[in-house]
Amino acid sequence: MGELIVTITTWDKPNYELFDGESQNYRIQEYLIDEPGMFCRNGENETFFDQNMSRKDGVRILFNLRIDDGRQFVIGDKDQIEDLWIQSKNEQQIRQNDVIKLGKKVLKVLNISNENNLHLTHYQNVVIQIQNVETSFLESQNMCRICLEHTCNTSNPLLSLCRCCGSTKYVHYECVKTWLYGKMQAKQSQYCTEINAKSVRCEICQSFYPSMVYTGDNVLGLYNLDNLKYHVVLEDVENQIIMVLNFGDQTTLTVGRGHESNIKISEITISRTHLALVIRNNKLYIEDKNSKFGTLIKLQKARRIEKNETLFLQSGRSRIMIKHKEKRKRCALLCNFLE
């Protein structure tokens, strides 16, 4: 199983739960761990509690350690992960539903695609709506709540796209497309289109509209952007903004608050050139560019620590380096002693 060397470096200045990689005002604590337990913060101090120690009320958990069936250390519970982030030191692959933190800015990856279909909302919304769409097409006596007409056909069916019911349940495909286009208020640059997230919700029931709808053998898209190639859809949850990053013919896009970055985000805690997004073999990778506050990827499930691995994590203003090493056998220690 081995043991862990855990080094916790805490920035003395409590500023928005950030860790300043350029500061010199640090407090460092180091632990040698060979049993399960949890690391906690009590006031300004970090403490390791093993299984036999009782934790006081009000003590904040930084992260916990357990041992799996393969006798390896695992970070996090099976069902719940605390506010813990992986610090991106080298190039790392990014997938759908990953959450990325740049300074104070938190972005969720809604979609990564090399196709022309644009998905602005979650895929499960599409699945939920399939049966509703097929049923509404057959019920031609229903009325569109926008144009108040009953007529429909295969290219312009009546759709049930949200949780509305009664006289507001159905809407024509062409009507809702025109309505959405008028609401989107897109702010567009060469590589990024910003869309108000409220525009992809029903204005009555506030449920998300699906990006794609299925009527029998037809697939209908509700949102269209011109010249869409390899693209990434990000959601700024706090500001209710959806960002569509369109790579076009590029394989690398830089993100930062400086004018030299391909994608500019106006946030003081983001560096001028904060990170790069790289396409390789139709996969997306993220690379930090020595930013002041780092590039973080949220740990959303339990993470096993492999043999001889060094892992960098961050919890608030504490950076945590976990290094696995094998325990030296007693016979090896004895040989070293005799030498």
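What you see as residue numbers is a count from 1 along each chain, following the sequence as written. Confidence filtering applies because this is a predicted model: local features only for residues at pLDDT of at least 70, side-chain atom pairs given and counted only at 80 or more, and all residues used for totals across whole chains, interfaces and linings. Side-chain descriptors were evaluated using all non-hydrogen atoms of the structure, hydrogens and water having been removed beforehand.

1. Overview of the sheet that holds strand E17 (residues 231–236)
Line of reasoning, step 1. Only when DSSP finds a minimum of two bridges between them are two strands counted as paired. Each helix is a run of DSSP H or I of at least 4 residues and each strand a run of E of at least 2, with the numbering of both proceeding from the N terminus. Spatially, E2-E1-E26-E25-E7-E23-E9-E10-E17-E18-E14-E13 is the arrangement adopted by the twelve strands of the open sheet, whose pairing is antiparallel. The sheet is open, and its two edges are formed by strand E2 (26–33) and strand E13 (187–188), each paired on a single side.
Line of reasoning, step 2. Of the strand pairs in this sheet, strand E7 (residues 85–87) and strand E25 (residues 310–315) are connected by two bridges, and their pairing is antiparallel. Following the sheet pairing, Trp85 is matched in E25 by Gln314.

2. Examining the pairing of strand E3 (residues 37–42)
Line of reasoning, step 1. The sheet contact formed by E3 and strand E4 (residues 45–50) spans six bridges and is antiparallel. In the strand pairing of E4, Arg41 is matched with Glu46.
Line of reasoning, step 2. As paired strands, E3 and strand E5 (residues 60–67) are joined by five bridges and run antiparallel to one another. In the sheet register, Met38 faces E5, and the bridge partner there is Asn64.

3. Focus on the sheet that holds strand E20 (residues 263–264)
Line of reasoning, step 1. Reading across from one edge, E8-E22-E21-E19-E20 is the order of the five strands in this open sheet, with mixed pairing throughout. At either margin of the open sheet sits one strand with a lone partner, and together these are strand E8 (92–94) and E20.
Line of reasoning, step 2. As paired elements, E8 and strand E22 (residues 283–288) share three bridges and run antiparallel to each other. Bridge pairing in E22 places Gln92 opposite Ile286.

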